[in-house]
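These are the residues of each chain, in order.
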Amino acid sequence: LKAAKIEWLRIQKKNFDLLEKAKMKITKVNLGSSKGIFFRIRVGPLSGDVEARKLCESLKKRKAGCLVIRLKK
């Protein structure tokens, strides 16, 4: 969890122009016994799919990993 927070600060600093207004939420994901537990950093709020995809594409161009995840309502 601490490492995820440190990683968020690193990514946000490196991509401040894209993430300055973003809020961070960390979620715990269990990928099973072969891969283990990971912590994912989620950012938002975003207005919808188009904004999320645009942000993700911009981050990927800068070599930052990104996935668009639709939240259940």
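Whatever comes next refers back to the structure up there.
Our subject in this report is the structure included herewith. (Residues numbered from 1 in each chain as written. Predicted model: local features only at pLDDT ≥ 70, side-chain atom pairs only at ≥ 80, totals over all residues. Heavy atoms only, no water.)

1. A few points about the state of the cysteines
Per the stated rule, a full pass over the model turns up one disulfide. Here cysteine 56 is linked by a disulfide to cysteine 66, with a sulfur-sulfur distance of 2.1 Å. Taking the sign of the S-S torsion, about -135° here, the bridge from cysteine 56 to cysteine 66 comes out left-handed. Of the two residues, cysteine 56 sits in helix α3 (residues 49-61) while cysteine 66 sits in the segment after α3, which places them 10 residues apart along the sequence. (Disulfide = S-S within 2.5 Å. Helix = DSSP H or I, 4+ residues; strand = E, 2+ residues; numbered from the N terminus.)

2. A few points about the environment of leucine 19
For leucine 19, the position within the fold is in helix α2 (residues 16-19). Note on leucine 19: relative accessible area 1%, which makes it buried. In this structure, the C-alpha to C-alpha distance between leucine 19 and leucine 55, residues 36 residues apart in sequence, is 8.8 Å. In this view, leucine 19 contacts Trp8, Ile11, Gln12, Leu55 and Leu59; residues no more than four positions away in its chain are not counted. (Buried < 20%, exposed > 50% of the residue type's maximum accessible area, 1.4 Å probe, protein only. Contact = heavy atoms within 4.5 Å.)

3. Quick look at the pairing of strand β2 (residues 37-44)
A regular strand places its side chains on the two faces of the sheet in alternate fashion. Of the pairings in the sheet, the one linking strand β1 (residues 23-30) to β2 comprises eight bridges and is antiparallel in character. By the bridge assignment for β2, valine 29 is matched with phenylalanine 38. (Pairing = 2+ DSSP bridges.)

4. With respect to a nonpolar patch on the surface
On the surface, Leu1, Ile37 and Phe39 cluster together into a nonpolar patch covering about 280 Å² of accessible area. Residue position: phenylalanine 39 is located in strand β2. Note on phenylalanine 39: relative accessible area 36%, which makes it partly exposed. (Patch = residues over 30% accessible without salt bridge, like charges linked within 9 Å, V, L, I, M, F, W, Y side chains within 5 Å. Areas by Shrake-Rupley, 256 points an atom, 1.4 Å probe, with all protein chains shown as cover. Salt bridge = Lys/Arg side-chain N within 4 Å of Asp/Glu carboxyl O.)

5. Concerning the pattern of salt bridges
For the structure shown, the criterion picks out two salt bridges. One salt bridge connects arginine 62 with aspartate 17, and the closest N-O pair in it is separated by 2.8 Å. With arginine 62 in the segment after α3 and aspartate 17 in helix α2, the pair connects residues that are 45 residues apart, well separated along the chain. Judged by its relative accessible area of 33%, arginine 62 falls in the partly exposed class.

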